[in-house]
Amino acid sequence: MYAKLAWRNLRRSLADYGIYFMTLVFAVAIFYVFNSVSDQPAFLSLAESQRRMARGAVETMEWLTTIMTGVVAWLVFYANRVIVRKRSRELGTYMLLGMEQGRLALLLLAEVAAIGAVALGVGLALGVALSQVFGLLVEQVFRAPVDQRGFVYSARAAGWTLILYGAMFLALALWQAAAVYRQRLIELIHGARKNEEIRLRSRPLALTAGLLAAGTLGTAYWLADRVSRTTGLDPTDPRVSLGFLLGVAGTYLLFASLAGLLTVVRRRTGGWLARGLNLFLYRQVTSKINTHAVMLATVALMLTFTICAMSTGLGLGAAIRGGLESDMPFSYMASSSDPDQDYSGLRALLAQHGVADAQVVEFVAGYTGLEGADLMLPDDAERFLSDEEGGYTVYVPVRAMPYSAYGRLRALKGYRDVPATPDGYLLHAADRGHEAAARTHAAWERFVAAGSAVEVVGVALRPAAAEVFSEPLGYQLGGISPVLVVPDPVMAALAPDEERSFSRYLVAELPGQDPPGLAEAASAWALEQSQGQVWVHVSSRAEALGSVYMIEGILVFLSFYAGIMFILISATLLALHQVTDALEHQQRFAVLQKLGVDDAMLNGVIARQVGLYFLTPVLVAFVHSGAALVALNRALTREAGYETVGQAALTTLAIFAAIYGAYYLLSVQSCRSLFRPGRAG
């Protein structure tokens with residue numbers, strides 16, 4: 001008899017709380033998928049040096065998935081507490097009919113354990129299936145295409161999934177059974193009547209809380225803006241932690257006051273509320289917001305974190321990759337602090353690996369003693385000196401390099417030819433990154449367009465072109481400092497001193513792929529040459545890009561996993577409360593049907609009720625994340641030249657809309673099915 005009762009309750013729970021069960025299945029599946037990365041063919045095909053870095057990324061992701069399992073456990077415990085509370089009258093009825101409390105606890109233990117076992121089995125099977133498609137994403141992220149693909153099964157990921165989630169479901173079942181065993185009959189009978197939170201009914205208190213919320217949130221936004229405009233990105237800045245705490249406190253105050261503030265709105269829009277079922281809808285929504293204020297505020301904060309984490313993770317990874325592709329345009333670039341560095345050994349290595357001498361450029365570059373302000377018109381220099389954000393550009397040192405080397409570097413990359421005159425100069429400067437870089441670039445262009453002269457070692461030089469060139473030359477040459485391209489005799493007359501340091505460079509551009517072993521041999525040569533006060537560094541574009549792909553992979557995988565899990569948890573909490581409240585309020589909708597409300601109007605009310613409930617925390621999260629992303633984007637663009645929002649934010653919103661929208665539609669469908677005639681009463 002007890003087995004039959006447990007089976008009936010299990011089927012009914014899966015029907016009424018199918019959204020919750022679906023979330024458990026997806027949580028298990030996603031956990032398996034992301035932990036199977038190290039067994040994907042694309043991962044196994046990486047070079048040993050790349051695999052070491054990728055293994056560190058995988059270990060980081062495994063730690064994150066384990067931590068996120070704790071968040072899922074919180075969701076599961078919270079959701080089961082809500083479900084059991086809604087079922088408390090049913091459980092109390094069993095005791096009234098003579099069921100012993102111990103048997104009732106065992107019945108609930110069997111139900112919860114069975115749901116966990118089914119979710120674990122289905123989720124693991126789904127995870128194995130999804131991991132086959134996930135392998136394609138791993139190939140794209142790690143830039144490691146695989147010729148032959150087979151069926152992928154990760155025994156390690158499956159075992160870890162079974163251990164973690166199995167232990168979580170078992171602990172949940174034992175805890176739930178123990179909780180019911182400790183409850184008295186009167187508590188079970190009246191348990192469903194308990195509200196989740198104390199309601200804030202006083203309009204003056206609601207107005208006060210609303211004003212406090214506006215003040216704290218406004219201050220938090222203002223602090224974020226101030227921090228983003230401060231030179232030097234410092235996460236330990238006390239304004240960061242203060243703004244975070246104010247944002248959290250303001251969010252909870254906002255939701256605590258929201259229902260009371262809506263009452264004021266109701267008094268001013270009485271005519272609209274009198275139409276149709278609007279007043280019923282208003283009471284339903286405000287009651288839910290007031291009752292579940294803490295939960296809605298928590299969901300809004302989780303969604304804010306999700307949007308910011310995914311947008312920043314996806315955008316920053318792509319920005320770092322794009323920035324490095326621009327900062328390292330050449331296959332190899334060697335630099336030495338010794339202007340007389342002998343590169344014959346490195347040239348021999350390049351020749352051994354098939355690099356022709358015509359593909360190599362060697363030259364000396366050094367500082368001139370000039371600063372950025374010396375390349376600006378007086379009005380521009382004065383304006384930049386008073387600029388809080390871009391003022392630093394007037395102090396950046398100006399480097400010089402010879403015409404001959406500059407022309408050969410441009411030829412290696414296929415850039416357009418530039419004019420060269422014996423008494424002229426060219427100016428090269430980066431124009432990407434912070435807004436100040438673009439404004440500084442424009443100021444330097446006005447300087448050369450005006451035909452302004454520059455004096456170097458006593459020689460007055462006039463601009464050979466009325467523009468500032470900005471093609472990528474590498475971060476060693478074309479960073480924030482402008483490069484003054486001067487005639488070779490003028491460059492030869494420059495000499496290093498206490499204020500002017502010089503470096504010797506060797507640049508090689510390979511026509512095809514990087515020969516195997518060349519990067520390792522070049523790095524070993526540079527290490528041998530670095531002695532005493534002399535340092536020699538060789539950078540390989542292929543190796544650097546490989547490292548960046550690993551970094552991008554870490555950011556993409558971590559942000560995807562954390563973001564998707566938080567969206568699932570947030571949407572599940574909202575959907576769960578809608579379904580449990582629908583079970584509790586069936587009688588209200590039954591009365592509406594008896595009063596003549598047709599199915600179309602009833603379905604419309606349900607869709608709007610669920611929609612407003614889902615939309616409320618989303619609107620708050622959009623405002624929070626908008627302020628945070630604007631500030632973060634401004635700071636990262638200024639400090640590193642990385643544009644992190646834009647396309648990444650659109651991708652995040654698309655993923656968010658797909659998952660969140662699906663849960664909304666499922667919630668509407670579940671509530672409508674619960675309000676069918678025959679279910680109420």
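All residue numbers refer to position in the chain's written sequence, counted from 1. The predicted origin of the model limits local features to residues at a pLDDT of at least 70 and limits the giving and counting of side-chain atom pairs to 80 or more, whereas totals for whole chains, interfaces and linings rest on all residues. Note that water and hydrogens are dropped before the side-chain values are worked out from all heavy atoms of the structure.

J.: Give a detailed account of the overall build of the protein, specifying residues and quantitative values.
T.: Across its full length, the protein holds 23 helices and 9 strands. Burial status across the protein gives 51% buried among its 681 residues. It only takes one pair of heavy atoms within 4.5 Å for two residues to be counted as in contact. Within the protein, contacts between residues separated by at least 24 positions form 85% of all contacts whose residues are at least 6 apart in sequence. Carbon and sulfur atoms form 62% of the exposed surface of the protein, whose accessible area is close to 30700 Å². Here a helix means four or more residues in a row that DSSP labels H or I, a strand means two or more in a row labelled E, and each is numbered from the N terminus. With a 1.4 Å probe rolled over the protein chains alone, any residue whose accessible area is under 20% of its type maximum counts as buried; one over 50% counts as exposed, and the rest are partly exposed. Shrake-Rupley sampling with a 1.4 Å probe provides the accessible areas, and residues are treated as covered by the protein chains on show and by no other component.

J.: Now, about the nonpolar core: what can you tell me, with residues and values included?
T.: The set of buried Ala, Val, Leu, Ile, Met, Phe, Trp, Tyr and Cys residues whose side-chain atoms join them within 4.5 Å is what this entry labels a nonpolar core. Residues Phe34 and Tyr165 are the most contacted members of the largest nonpolar core, which totals 92 residues. Top element by residues in this core is helix α20 (residues 541–584). It accounts for 17 residues. Not counting residues up to four positions away in its chain, the partners in contact with Phe34 are Met61, Thr65, Phe134, Phe557, Phe560 and Tyr561. With 26 residues, the next largest nonpolar core counts Leu370, Phe384, Val396 and Val454 among its residues.

J.: Break down the sheet that holds strand β2 (residues 360–371) for me, with residues and values.
T.: Two strands are counted as paired when DSSP detects at least two bridges linking them. If you walk across this open sheet you meet the 9 strands as β5-β6-β4-β7-β3-β2-β8-β1-β9, and the pairing is mixed. Edge strands, defined here as strands with exactly one partner in the open sheet, are β5 (454–456) and β9 (536–540). Here the strands of the sheet are splayed against their neighbours by 30° on average, with no regard to which way each runs. As defined by bridge partners, strand β1 (residues 332–336) adjoins β9 across 5 bridges and the pair is classed as antiparallel. Bridge pairing links Tyr332 to Ser540 in β9. Lying on the sheet, helix α16 (residues 403–413) is in contact with β2, β3 (397–402), β4 (424–428), β6 (459–469), β7 (483–486) and β8 (502–508); it crosses β3 at an angle near 80°. In the packing of helix α19 (residues 518–529) onto the sheet, contacts are made with β1 and β9, and the angle to β9 comes to roughly 170°. A fitted line through C-alpha atoms represents every axis, and for helices the fit uses only the stretch in contact; the resulting angles, taken between N-to-C directions, go from 0 to 180 degrees.

J.: An account of the pairing of β2 is requested, with residue identities and associated values reported.
T.: As paired elements, β2 and β8 share 7 bridges and run antiparallel to each other. Within β8, the position partnered with Phe363 by the bridge is Tyr505.

J.: Provide a residue-level description of helix α14 (residues 344–352), including the pertinent values.
T.: For α14, the complete set of buried residues consists of Leu346, Leu349 and Leu350. An end-on view of α14 places all buried positions within 100° of arc, on one side of the element. Across from the buried face of α14, at angles greater than 90 degrees, the exposed residues are Ala351 and Gln352. Elements in contact with the buried residues of α14: β1, β2, β8, α19 and β9. Note on α14: the residue one or two positions beyond its end, Gly354, has a positive phi of about 85°. This arc is built from the directions going out from the helix axis to the C-beta atoms.

J.: I'd like to hear about the pairing of β3, residue by residue, with values.
T.: Within a regular beta strand, the side chains point alternately toward one face of the sheet and then the other, so they alternate between its two faces. Of all 6 residues in β3, 5 are buried; the element is thus mostly enclosed. Alignment of β2 against β3, held across 3 bridges, turns out to be antiparallel. Across the sheet, residue Tyr367 finds its bridge partner in β3, namely Arg399. In this sheet, β7 lies alongside β3 in parallel orientation, the contact comprising 4 bridges. Its bridge partner being in β7, Pro402 is matched across the sheet by Val486.

J.: Now, about the pattern of salt bridges: what can you tell me, with residues and values included?
T.: A carboxyl oxygen of Asp or Glu within 4 Å of a side-chain nitrogen of Lys or Arg is what we treat as a salt bridge. Scanning all chains against the criterion turns up 11 salt bridges. With its nearest N and O atoms 2.9 Å apart, the salt bridge here joins Arg410 to Glu471. A residue pair is termed long-range when its members are at least 10 positions apart, and Arg410 in helix α16 and Glu471 in the loop between β6 and β7 qualify at 61 residues. As far as the burial class goes, Arg410 and Glu471 line up, both buried. Where Arg416 meets Glu467, a salt bridge forms, and the shortest distance between an N and an O atom there is 2.8 Å.

J.: Any chance you could break down a nonpolar patch on the surface for me, citing the residues and the numbers?
T.: What makes a patch is a set of residues exposed beyond 30% relative accessible area and free of salt bridges, joined within 9 Å when like-charged and within 5 Å when nonpolar (Val, Leu, Ile, Met, Phe, Trp, Tyr). A surface patch of nonpolar side chains, amounting to about 270 Å² of accessible area, comprises Phe622, Leu650 and Leu653. Residue placement: Phe622 occurs in helix α22 (residues 599–640). The partly exposed category is assigned to Phe622, whose relative accessible area is 36%.

J.: Requested: an account of the packing of α14 against α19, with residues and values cited.
T.: Contact geometry for α14 and α19: axes closest at 10 Å, N-to-C directions at 170°. Here α14 lies roughly antiparallel to α19, going by the angle between them. Contacts from Gly345, Leu346, Leu349 and Leu350 of α14 reach α19 at Leu518, Ala521, Ala522 and Trp525. When the residues that make up the contact of α14 with α19 are grouped by side-chain class, the tally is 7 nonpolar, 1 polar and no charged. Angle categories: roughly parallel below 35 degrees, roughly antiparallel above 145, roughly perpendicular from 65 to 115, and oblique for all the rest. Think of it as three bins: nonpolar holds Ala, Val, Leu, Ile, Met, Phe, Trp, Tyr, Cys and Pro, charged holds Asp, Glu, Lys and Arg, and polar takes everything else, Gly as well.

J.: Can you tell me about the side chain of Gln341, naming the residues and giving the values?
T.: Looking at the element boundaries, Gln341 is found in the loop between β1 and α14. The definition of a polar contact used here is a pair of N or O atoms within 3.5 Å, where within protein one atom must be able to donate a hydrogen and the other to accept one, and adjacent residues in sequence count solely through side-chain atom pairs. For Gln341, the side chain forms a polar contact with the side chain of Ser336, separated by 3.1 Å. At a separation of 3.2 Å, a polar atom in the side chain of Gln341 contacts the side chain of Gln529. Gln341 has contacts with Ser336, Glu362, Arg504, Trp525, Gln529, Val534 and Val536, leaving out every residue within four places of it along the chain.

J.: Can you break down the packing of aromatic side chains residue by residue, with the values?
T.: Two descriptors summarise a pair of aromatic rings, namely the distance from one centre to the other and the angle between the planes of the rings. Stacked, tilted and edge-to-face are the three classes applied to pairs of Phe, Tyr and Trp rings, where Trp contributes its six-membered ring and a pair requires centres within 6.5 Å; stacked means planes under 30 degrees apart, edge-to-face means over 60, and tilted covers the rest. Per the stated rule, a full pass over the model turns up 11 aromatic pairs. Judged by centre distance (5.9 Å) and plane angle (35°), the ring pair of Tyr343 and Trp525 falls under tilted. Taken together, the residues span a long stretch of sequence, with Tyr343 in the loop between β1 and α14 and Trp525 in helix α19 at a distance of 182 residues. Residue Tyr343 shares its accessibility class with Trp525, and that shared class is buried. Taking 5.9 Å as the distance between ring centres and 55° as the angle between the ring planes, the aromatic pair formed by Phe622 and Phe656 counts as tilted. With Phe622 in helix α22 and Phe656 in helix α23 (residues 647–674), this residue pair connects regions lying 34 residues apart in the sequence. Among the aromatic residues, those joined into a cluster by ring pairs are Phe614, Phe622, Phe656, Tyr660 and Tyr664. Whether a charge sits over a ring comes down to the Lys NZ or Arg CZ being within 6 Å of the ring centre and within 35 degrees of the ring normal. The positively charged end of Lys413 is found above the aromatic ring belonging to Phe330, 6.0 Å away from the centroid.

J.: So, helix α15 (residues 378–385): which residues are in play, and what are the values?
T.: All of the buried residues along α15 are Asp380, Ala381 and Phe384. Considered in projection along α15, the buried side chains sweep an arc of 100° and stay on one side of the axis. Among the exposed residues of α15, those oriented more than 90 degrees off its buried face are Pro378, Asp379, Glu382 and Leu385.

J.: So what's going on with unusual backbone geometry? Which residues, and what values?
T.: Only a minority of non-glycine residues have a phi that is not negative, and only a minority of peptide bonds are not trans. The phi dihedral of Val457 is positive, around 45°, even though this residue is not glycine. Here Val457 lies in the loop between β5 and β6. Relative accessible area serves as the criterion here: at 39%, Val457 is assigned to the partly exposed category.

J.: Outline the environment of Ser404, supporting the account with residue identities and numerical values.
T.: In this structure, Ser404 sits in helix α16. The exposure class assigned to Ser404 is partly exposed, which follows from its relative accessible area of 38%. Distance in space between the C-alpha atoms of Ser404 and Val361 is 9.7 Å, their sequence separation being 43 residues.

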